[in-house]
Amino acid sequence: MIHASFGVNEVGNLTLNGADTVELAKQYGTPLYVFSEDDIRENCRHFVEALGAFYDGNGQILYASKAFCCKEMYRIMKEESMGIDVVSGGELYTALSVDFPVERIFFHGNNKTDAELKLAIQAGVGHIVVDNLEEMHRLNDFASAANRVMHIFLRVKPGIDAHTHSFIRTGQIDSKFGFALETGEAMAAAKEALSLSHLSLDGLHCHIGSQIFDTEPFALAADVMLRLMDKLRAETGVTLEGLNLGGGFGIRYQESDRPGVYRDSIEIMAAALRAAAKELDFPLPKLYLEPGRSIVGAASATLYKVGSVKEIPGIRTYVAVDGGMTDNPRYALYQAPYEIVIANKAREERDFVATVAGKCCESGDLIQENAAMQHAEPGDTLAVLATGPYNDSMASNYNRIPRPAAVMIRSGNARLIRRRESYEDLVKNDL
Ligand code: LLP
């Protein structure tokens, strides 16, 4: 299986971190999101350790909350001394509701509302990553009205596109996020920020993509961004002290995936920064990284109950489950690959090929097409692996399907961290 934390127990059931997933499905119902807390904590420590080993711990690892956001996740991040990246008032509110240390929060977004900016100012969020000039001026005005100076980073489009397995250097100015480097827009924005009375420009930010397997694009981004900081110093005399290189570290979704070791990416990034800093005689900036997917990780799954199994002779077999694109829209959106295991037959051969369909009124409501799994029958527990990142956080209530419950597993023991949505929850805001 794609992650060592999955196993098969003596009765042939799929386990995650020692917990029997078939029993979890019985106890908490389906669909059910299951997460390995041990792995989440280990992932945090991996990044923190690497920043310590290769960069003297000069910076902070920020968990990109969009991968999976809930109170318990923030409690764990707090205990692991992580910072967080939030992208909305909703994520910020959730973090504040568990007293997450505000100085360790970076607030992102390409279109922050007045209410979101005011909430961030009132809460005293550590850094706001400013996306555009209009927002910069609004933030300055609100900060001035609140008699505060807000610390900001600028979101820069560095011209590196790492969205595929092989990365390319492009102008890449066609993105809704941030200020373009190549056109001089980023430099002009930095000068503008330096001129505003209630903003303190602390650093620059970029994010080059997601689910990246290579290590080199990160090094290139580090180099390009440090050179921009040097250029800004040359033109203004101001030396920025922070550099945030975003997230994007890939995880394993299928056997053939070979993600890089995150530690290696950090080593290479740190080396690129040291080399450029030495060449330019520029002080090493504080380094911030924003891993999301790689923190939640592949040691996670969604458990479903199989309803019907429909064989269309000569065409394909559909295995219908009691969830679908409402709890996992990633196949419908990106044809994202997943490994499927019939959890109560985990020891058997995966010699059955079927398309896993959801229960929504939508023919594109598929979780995976023509996937190998053990022979599926109604009543089985079907597990889709590595659904922890970007499933719950992208879920919807299409067809008024309630969102699943979520459990965290620590040392083999499971605990509920999010209740299943009820029908009452679905109507509670209807008037
Ligand atoms: N920082 C910034 C500014 C980002 O935009 C993102 C992701 C991250 C950090 C975290 O990236 P990660 O380490 O998780 O790759 N919904 C898509 C993923 C969208 C990612 C958007 N930004 C999916 O399901 O694959």
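Since the model is a prediction, treat every value here as computed from it, not as a measurement.

What counts, and at which threshold
- Residues numbered from 1 in each chain as written.
- Predicted model: local features only at pLDDT ≥ 70, side-chain atom pairs only at ≥ 80, totals over all residues.
- Heavy atoms only, no water.
- Helix = DSSP H or I, 4+ residues; strand = E, 2+ residues; numbered from the N terminus.
- Rg over C-alpha atoms; globule rule 2.2 N^0.38 Å.
- Buried < 20%, exposed > 50% of the residue type's maximum accessible area, 1.4 Å probe, protein only.
- Pairing = 2+ DSSP bridges.
- Right-handed = clockwise from strand over helix to strand, strands pointing away.
- Near = heavy atom within 4 Å.
- Polar contact = N/O pair within 3.5 Å; in protein donor to acceptor, adjacent residues only side chain to side chain.
- Areas by Shrake-Rupley, 256 points an atom, 1.4 Å probe, with all protein chains shown as cover.
- Nonpolar A, V, L, I, M, F, W, Y, C, P; charged D, E, K, R; others polar.
- Core = buried A, V, L, I, M, F, W, Y, C linked by side-chain atoms within 4.5 Å.
- Salt bridge = Lys/Arg side-chain N within 4 Å of Asp/Glu carboxyl O.
- Disulfide = S-S within 2.5 Å.
- Phe/Tyr/Trp six-rings, centres within 6.5 Å; stacked < 30°, edge-to-face > 60°.
- Contact = heavy atoms within 4.5 Å.
- Arc of directions from axis to C-beta.

Draft legend 1. A look at the overall build of the chain. Across its full length, the chain holds twelve helices and 23 strands. Whereas a compact globule of 431 residues would reach a radius of gyration of roughly 22 Å, the chain reaches 23 Å, a difference of no more than 12%. The C-alpha extent of the chain, read off along each of the three principal axes, is 70 × 50 × 40 Å. Evaluated residue by residue, the chain yields a buried proportion of 55% over its 431 residues.

Draft legend 2. Region of the structure containing the pairing of strand β15 (residues 286-289). Alignment of strand β5 (residues 59-64) against β15, held across three bridges, turns out to be parallel. Bridge pairing in β15 places I61 opposite L289. Once the chain exits strand β14 (residues 242-244) it traverses helix α9 (residues 262-280) before rejoining the sheet at β15, and the crossover so formed is right-handed.

Draft legend 3. Just the site of the ligand, in detail. S210, E290, R293, R330 and Y390 are the nearest of the 20 residues found near the ligand. Between an oxygen atom of the ligand and a side-chain N or O atom of K66, the distance comes to 3.3 Å. A distance of 2.8 Å is found between an oxygen atom of the ligand and a backbone nitrogen or oxygen belonging to G248. In the complex, the protein chains occlude 86% of the 590 Å² of accessible area that the ligand would expose alone. Here the shell around the ligand is composed, by residue class, of six nonpolar, eight polar and six charged.

Draft legend 4. Highlighting the nonpolar core. Among the nonpolar cores identified, the biggest contains 133 residues, and Y63, M73, M77, L154, L245, M373 and L382 are the most heavily contacted of them. Per-element tally for this core: the top contributor is helix α8 (residues 216-236), with ten residues.

Draft legend 5. Fine view of the pattern of salt bridges. The tally for this structure, following the rule as stated, stands at 29 salt bridges. The closest approach of N and O atoms between E49 and R263, which form a salt bridge, is 2.9 Å. Of the two residues, E49 sits in helix α2 (residues 37-55) while R263 sits in helix α9, which places them 214 residues apart along the sequence. Residue E134 is joined to R138 by a salt bridge in which the shortest nitrogen-to-oxygen separation is 3.1 Å. Of this pair, E134 and R138 both sit in helix α6 (residues 133-145), separated by four residues, roughly a single helical turn. Taken together, the salt bridges that share partners define one network made up of E37, R41, R45, E72, R75, E79, E80, R410 and R415.

Draft legend 6. Main features of the side chain of T326. Checked against the element boundaries, T326 lands in the loop between β17 (316-321) and α11 (330-334). Classification of T326 by relative accessible area gives buried; the value is 4%.

Draft legend 7. Region of interest: the sheet that holds strand β2 (residues 14-16). Read from one edge to the other, the open sheet built from three strands follows the order β1-β2-β3, with strand pairing classed as antiparallel. Only two strands of the sheet have a single partner each, and these edge strands are β1 (6-8) and β3 (19-20).

Draft legend 8. Just the state of the cysteines, in detail. If you walk through the whole model with that rule in mind, you get zero disulfides. Just so you know, C70 is unpaired, no disulfide at all, and the nearest cysteine sulfur is the one on C69, 6.8 Å from it. Considering cysteine sulfurs only, C361 is the nearest to C360, which forms no disulfide, with 7.6 Å between them.

Draft legend 9. View of the pairing of strand β16 (residues 300-312). Pairing geometry for strand β4 (residues 32-36) and β16, over four bridges, is antiparallel. Within β16, the position partnered with L32 by the bridge is L303. Bridge analysis of β16 against strand β21 (residues 381-385) gives five bridges, and the strand direction is antiparallel. Within the sheet, the bridge partner assigned to T302 lies in β21 and is V384. As defined by bridge partners, β16 adjoins β17 across five bridges and the pair is classed as antiparallel. By the bridge assignment for β17, E311 is matched with T317. Connecting the antiparallel pair β16 and β17 is a turn made up of three residues, with G314 showing a positive phi of about 75°.

Draft legend 10. Representation of the packing of aromatic side chains within the structure. Counting across every chain of the model gives ten aromatic pairs. Judged by centre distance (4.9 Å) and plane angle (50°), the rings of F106 and Y288 are tilted. Here Y288 lies in strand β15 and F106 lies in strand β7 (residues 105-107), a separation of 182 residues in the sequence. According to the relative accessible area criterion, Y288 is buried, its value standing at 10%. Centre to centre, the rings of F218 and F249 are 4.5 Å apart; their planes meet at 15°, and the pair counts as stacked.

Draft legend 11. The arrangement of helix α4 (residues 89-96) in detail. Buried within α4 we find G89, E91, L92, T94 and A95. In this structure, the buried side of α4 is in contact with α3 (71-79), β6 (83-86), β7 and α5 (114-123).

Draft legend 12. Region of the structure containing helix α1 (residues 21-28). Buried residues of α1: T21, V22, L24, A25 and Y28, and no others. When α1 is viewed along its axis, its buried side chains cluster within an angular range of 160° and face the same direction. Exposed residues lying more than 90 degrees from the buried face of α1 are K26 and Q27. Phi turns positive, to about 85°, at G29, one or two residues after α1.

Purely spatial values, then, with no claim about function.
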